[in-house]
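Residues per chain are reported as follows:
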Amino acid sequence: MQDKENSAPRNGRRRAWFQNWLSLGGAVIAASSIFAVLLLFSTELFLPRSNPYMGLLVYVLAPVFFFAGLALMVIGLRLQRRLRPGGRLVVDLTRPRDRKRLGVFIACAAVFLLCTAIGSYQTYQYTDSVQFCGTMCHVPMKPEYTTYLQSPHARVACVECHVGPGAGWYVRSKLNGVHQLFDVMLGTYPRPIQTPLGNLRPAKETCEQCHWPQRFIGGIDRTFYHYLSDESNSPFAVRLMLKVGGGAANGTMTGIHWHVSPNFKVEYLATDRQRQIIPWVRVTDLKSGKVTVFKTADFHGKVDEAQIRTMDCLDCHTRPSHRFLSPDEAVDAAITSGQLSRAIPWIKSNSVAILVRPYHTTDEAMQKIAAGLRAEYPRAAGIDRAVAAVQGIYSQNFFPEMKADWRVHPDNIGHKISNGCFRCHDGNHATANGKTIPADNCNLCHTIMAQGSGTQLRKLSATGYDFFHIDSTYQDFSCAQCHNGGGGSVH
Ligand code: HEC
Ligand code: HEC
Ligand code: HEC
Ligand code: HEC
Ligand code: HEC
Ligand code: HEC
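Quick caveat, the model's predicted, so the values are computed rather than measured.

1. Observations regarding the coordination of the iron atom of ligand 5
The protein atoms that coordinate the iron atom of ligand 5 are His415 (NE2) and His446 (NE2), at distances of 2.0 Å. For the iron atom of ligand 5, the six donor atoms in the first shell make angles of 86 to 179° at the metal, a pattern classed as octahedral. Of this pair, histidine 415 sits in the loop between α13 (383–397) and β9 (429–430) while histidine 446 is found in strand β10 (residues 446–452), placing the two residues 31 residues apart along the sequence.

See below:
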């Protein structure tokens, strides 16, 4: 800042904005906010994925600083006019005092710019992290964060699935982040969070970054362990060979992952929000162009092309990382892992019964579960461990504050507790000339290699056993009509 007393008046008026320390400081703050925005944008260019809360930084925080800087400039100018009318900030570099002041000012401005750079980058990194997504909005995200921590994807960052790479979604999620912030501040977020998420990125662009269907080959051998609701909690297990199928050398795909084969497109129409009722399915053979439409007999509605959804990973893997176990499944898992002792009579049915009672808060549930089990088993050995196990099941899978549990977030991967595969594979979906989506064959998707308990589980069948079910009339109903996971209606 040289003494500009002699410069042209037009030039002088423009410079007057900067001719006091307050306005200068304001200018530095405003400039830093622009600098921070540029820095954030360039950071995003070099990082493989984007951060959904960029919007917060770029559209909320940065403008606040920018306008605060502008305000300081105006205030500085006003003050200067009032205190020293016509006066100017005169920095005379021949004067040691001015040299010192200017030096201090430049040093402060430089430190401030540096802090802005570090601060905005740190904020950026933080908002991109799992802690931020999972814990910042503590109440609304608790169910998803808790279930995520015990899922196979516990080491995959939230943004890998919820945002993914690329520019288009980055802008969408940025705006969304701002909108969500207001919902959290005002407490207007829905309880439970409504699913399916309308703005979730297509699975092809997220899941397929790490998994791709051509790689699924052969079968998965999986055993499902259960305990009956009898006095001795009798074990009953089913060992399945799941025909996950996948790619053959010529590009054709068979088995379960046929639905996401690059050669076919499977589309469907659901009549409810949760996509549990599917009366209409269309398969397009992308090589020959042949189209097949399957409908249920009672569906006469109009097919609105805009409502049609193309099937992808999420139509079966609805809960890859937020699995809300039903009390039935969760108690079975706790007995299998030994946390809950099978030796306690009726423990399976009593635990399920106490878990499905209505509670208003997690704290209330913890107390009542402890009191209830202790009253039921006043003398049982190891009851403290059982109480801890059942409380653990509750806190991992039930979220009364958000009204979230297995009833509102069904998993479509199988067909026992929610209809899942049987939404289409139920024998009721047929073409005009009577061909149905296969359903009658229990060996279509898996073979039962063994079932029962103890030594029965060692007798494997290569071709598959018929399912041995406690109630032989089971084939007259869909599994989920009886197996509701422990009971109770939706909240
Ligand atoms: C492996 C991928 C994946 C990861 C990692 C992931 N999610 Fe999800 N998330 C999903 C899918 C798939 C859905 C279900 C969407 C639907 O039903 O439309 C979902 C749903 C949600 C929902 C809606 C409510 C619900 O339960 O369906 C919230 C909220 C959510 N996720 C938050 C998070 C948070 C927070 C993290 C990180 C702690 C995270 N997600 C990590 C895939 C993922
Ligand atoms: C950033 C990489 C990444 C992304 C994105 C991702 N996954 Fe995974 N997924 C993994 C890893 C790693 C495992 C293996 C975990 C293990 O073996 O414990 C896995 C495991 C799985 C499994 C097997 C789980 C089991 O029970 O053994 C399924 C199914 C799955 N992912 C589906 C999905 C779906 C659906 C999506 C999209 C919503 C998705 N994944 C997105 C990395 C990813
Ligand atoms: C028609 C339903 C369906 C669709 C669509 C589907 N899957 Fe699967 N997937 C399954 C079933 C069933 C299994 C067997 C495992 C189980 O039951 O949990 C499985 C297993 C897997 C596994 C574990 C495989 C292994 O070898 O451990 C991964 C990973 C996976 N799927 C990813 C995907 C991805 C990614 C997509 C989308 C491109 C997808 N799936 C589409 C039903 C489906
Ligand atoms: C939206 C409807 C829909 C859902 C949901 C669905 N399927 Fe299918 N599935 C189909 C259709 C349509 C076919 C092809 C029927 C035909 O053309 O013969 C098919 C075919 C199959 C096939 C035979 C593939 C081959 O080798 O040709 C298997 C196996 C299969 N489905 C498994 C599953 C499993 C497992 C699930 C649940 C995890 C599931 N499906 C969910 C619609 C569906
Ligand atoms: C369209 C494909 C498909 C058909 C048809 C099918 N299943 Fe399944 N089934 C599955 C899948 C997928 C799973 C695995 C679910 C999971 O991973 O949680 C499964 C799981 C099971 C289980 C183990 C469930 C548990 O929790 O113990 C049993 C038992 C079973 N099926 C019996 C049958 C019987 C009986 C039939 C014939 C009436 C049948 N399935 C027809 C796809 C199918
Ligand atoms: C008519 C009602 C009904 C239908 C339909 C039904 N089940 Fe069951 N199922 C039962 C009852 C009752 C039990 C005994 C439960 C107990 O003792 O805890 C049982 C037990 C089981 C068990 C062992 C114990 C457990 O708790 O899991 C499996 C596995 C099972 N059923 C799978 C299936 C499958 C798969 C289907 C569909 C193919 C099916 N069920 C259809 C009523 C039914």
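2. Points about the packing of aromatic side chains
One pair of aromatic rings is described through two measures. These are the centre distance and the angle between the planes. For the structure shown, the criterion picks out eight aromatic pairs. Taking 5.6 Å as the distance between ring centres and 85° as the angle between the ring planes, the aromatic pair formed by tyrosine 359 and tyrosine 394 counts as edge-to-face. Of the two residues, tyrosine 359 sits in the loop between α11 (347–355) and α12 (362–376) while tyrosine 394 sits in helix α13, which places them 35 residues apart along the sequence. Look at phenylalanine 467 and tyrosine 474: their rings are 5.6 Å apart centre to centre, the planes differ by 85°, and that puts the pair in the edge-to-face class. Here the aromatic residues Tyr359, Tyr394, Phe398 and Trp406 are joined through ring pairs into a cluster of three or more.

3. Considerations on unusual backbone geometry
One non-glycine residue, asparagine 233, lies in the positive phi region at around 50°. Phi is positive for tryptophan 346, close to 60°, though the residue is something other than glycine. Here tryptophan 346 is to be found in the loop between α10 (327–336) and α11. Overall, tryptophan 346 belongs to the partly exposed group, its relative accessible area being 39%.

4. Considerations on the nonpolar core
Membership of the largest hydrophobic core comes to 33 residues, with the highest contact counts inside it found for Val331, Leu340, Leu355, Ile369, Leu373, Val390 and Tyr394. Of all the secondary structure elements, the ones that give two or more residues to this core are α10, α11, α12 and α13. Residue contributions to this core peak at seven residues, all from α13. Among all residues touching leucine 373, those that are not within four sequence positions of it are Ile354, Ile383, Ala386, Val387 and Val390. Judged by nonpolar contacts, the second largest core, of nine residues, contains Tyr268, Phe294, Cys424 and Ile437.

5. With respect to α10
Across the ten residues that make up α10, a large majority, seven, are buried. Among the residues of α10, those classed as buried are Pro327, Asp328, Ala330, Val331, Asp332, Ala334 and Ile335. For α10, the secondary structure elements touched by its buried residues are β1 (220–227), α11 and α13. Downstream of α10 by one or two residues, glycine 338 has phi in the positive range, about 90°.

6. Some thoughts on the site of ligand 6
For ligand 6, the set of nearby residues contains 16 residues, the closest of which are Ser229, His469, Cys479, Cys482 and His483. Between ligand 6 and serine 229 there is a distance of 2.6 Å, counted from an oxygen atom to a side-chain nitrogen or oxygen. The contact in question runs from an oxygen atom of ligand 6 to an N or O atom on the side chain of lysine 416, over 2.7 Å. Tallied by class, the residues present in the shell around ligand 6 amount to eight nonpolar, six polar and two charged.

7. A few points about the environment of threonine 318
For threonine 318, the position within the fold is in the loop between β8 (309–310) and α10. Taking relative accessible area as the criterion, threonine 318 reaches 26% and is therefore assigned partly exposed. As a C-alpha pair, threonine 318 and histidine 409 span 91 residues in sequence and 8.6 Å in three-dimensional space. With near-sequence residues (within four places) excluded, threonine 318 lies in contact with Pro410, Asp411 and Asn412. Among the polar contacts listed, one links the side chain of threonine 318 to the side chain of asparagine 412, at a separation of 3.2 Å.

8. So, the packing of α11 against α12
Between α11 and α12, whose axes approach to 10 Å, the crossing angle comes to 145°. Where α11 crosses over α12, the two elements pack in a sense that is right-handed. Where α11 approaches α12, its residues Asn350, Ile354 and Leu355 are matched on the opposing element by Lys368, Ile369, Gly372, Leu373 and Glu376. The residue inventory of the contact of α11 with α12, partitioned by class, reads four nonpolar, two polar and two charged.

9. Notes on the sheet that holds strand β7 (residues 291–296)
Within a sheet, each strand pairs with its neighbour through backbone hydrogen bonds, oriented either parallel or antiparallel. The five strands lie next to each other as β8-β5-β6-β7-β9, forming an open sheet whose pairing is antiparallel. Among the strands making up the open sheet, the edge pair consists of β8 and β9. Examined bridge by bridge, strand β5 (residues 264–269) and β8 share two bridges and lie antiparallel to one another. Along β8, the bridge assignment pairs glutamate 267 with threonine 310.

10. Describing the sheet that holds β1
Across the sheet, which stays open at both edges, the three strands sit in the order β1-β2-β10 with antiparallel pairing between neighbours. One side of each edge strand has no neighbouring strand; the edge strands of this open sheet are β1 and β10. Neighbour-to-neighbour, the strand axes of this sheet turn through a mean angle of 20°, independent of strand direction. The pairing of strand β2 (residues 235–242) with β10 spans six bridges and is antiparallel. For methionine 241, the partnering residue across the bridge sits in β10 and is threonine 447.

11. Brief notes about the coordination of the iron atom of ligand 3
Those protein atoms acting as donors to the iron atom of ligand 3 are His257 (NE2) and His317 (NE2), and they sit at 2.0 Å. Considering all six donor atoms around the iron atom of ligand 3, the spread of angles at the metal, 86 to 177°, places the coordination shape in the octahedral class. In this pair, histidine 257 is assigned in the loop between β4 (253–254) and β5 and histidine 317 in the loop between β8 and α10, connecting sequence segments 60 residues apart. The class of histidine 257 is buried, set by a relative accessible area of 14%. A relative accessible area of 37% places histidine 317 in the partly exposed class.

Procedures and definitions
- Residues numbered from 1 in each chain as written.
- Chains lettered and ligands numbered in written order.
- Predicted model: local features only at pLDDT ≥ 70, side-chain atom pairs only at ≥ 80, totals over all residues.
- Heavy atoms only, no water.
- Donors = N, O, S within 2.8 Å, 3.2 Å for Na, K, Ca; no water.
- Tetrahedral: all angles 85-135°; square planar, octahedral: opposite > 155°, others 65-115°.
- Helix = DSSP H or I, 4+ residues; strand = E, 2+ residues; numbered from the N terminus.
- Phe/Tyr/Trp six-rings, centres within 6.5 Å; stacked < 30°, edge-to-face > 60°.
- Buried < 20%, exposed > 50% of the residue type's maximum accessible area, 1.4 Å probe, protein only.
- Core = buried A, V, L, I, M, F, W, Y, C linked by side-chain atoms within 4.5 Å.
- Contact = heavy atoms within 4.5 Å.
- Near = heavy atom within 4 Å.
- Polar contact = N/O pair within 3.5 Å; in protein donor to acceptor, adjacent residues only side chain to side chain.
- Nonpolar A, V, L, I, M, F, W, Y, C, P; charged D, E, K, R; others polar.
- Axes fitted to C-alpha atoms, helices over the stretch in contact; angles between N-to-C directions.
- Left-handed = near helix turned anticlockwise from the far one by under 90°.
- Pairing = 2+ DSSP bridges.

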